[in-house]
Amino acid sequence: QVQLVESGGGLVQAGGSLRLSCAASGRTSRTYTVGWFRQAPGKEREFVAFLNWSGGSTYYAESVKGRFTISRDNAKNTVYLQMNSLKPEDTAVYYCAAPLRFKGLTTRPDEYDYWGQGTQVTVSS
């Protein structure tokens, strides 16, 4: 089992920045990849960013490319999502997730087995 806990959400004005954290505990040696997703009210959960924990490769949704950066701190078993130049359309609950087994790069929420509780990000115009 892997437990994921997000933090760092909040209210920010458009153009501002936030850094989200995803702390992993439990069988973290089996945490191969991590994905960030978000879900706005009335919308489906959508992919935001991906990180291969061991190799460090990353991948982003087009809507956040150039504004968001995913990174990791191996010593702290923590993955970060640095969000810059935030827009009102970035408003959502943000979740980090990890698969039970290594599946490579995947942007589908149903490919992930472990989820955090989510953290609210609200961007005002």
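Report follows, based on the coordinates. Because the structure is predicted, anything quoted here is derived from the model rather than measured.

1. A short note on the overall build of the chain
In terms of helices and strands, the chain carries zero helices and 11 strands. Listing each helix as α and each strand as β along the chain from the N terminus yields β-β-β-β-β-β-β-β-β-β-β. Its C-alpha atoms give the chain a radius of gyration of 13 Å, near enough to 14 Å, the size a compact globule of 125 residues would have. For the chain, the spread of C-alpha atoms along the three principal axes comes to 40 × 30 × 25 Å. In the chain, which comprises 125 residues, the share counted as buried stands at 43%. For the chain, restricting intrachain contacts to residue pairs at least 6 apart in sequence, the fraction spanning at least 24 positions comes to 55%. A total of about 6,300 Å² of accessible surface is found on the chain, and carbon and sulfur atoms cover 47% of it. Separation of charge centres in the chain, based on 14 positive and 10 negative side chains, amounts to 5 Å.

2. Quick look at the environment of G66
Among the structural elements, G66 can be located in the loop between β6 (58-60) and β7 (68-73). Residue G66 is classed as exposed on the basis of its relative accessible area, which comes to 80%.

Rules used in this analysis
Residues numbered from 1 in each chain as written. Predicted model: local features only at pLDDT ≥ 70, side-chain atom pairs only at ≥ 80, totals over all residues. Heavy atoms only, no water. Helix = DSSP H or I, 4+ residues; strand = E, 2+ residues; numbered from the N terminus. Rg over C-alpha atoms; globule rule 2.2 N^0.38 Å. Buried < 20%, exposed > 50% of the residue type's maximum accessible area, 1.4 Å probe, protein only. Contact = heavy atoms within 4.5 Å. Areas by Shrake-Rupley, 256 points an atom, 1.4 Å probe, with all protein chains shown as cover. Lys, Arg positive; Asp, Glu negative; His and termini not counted. Charge placed at Lys NZ, Arg CZ, Asp CG, Glu CD.

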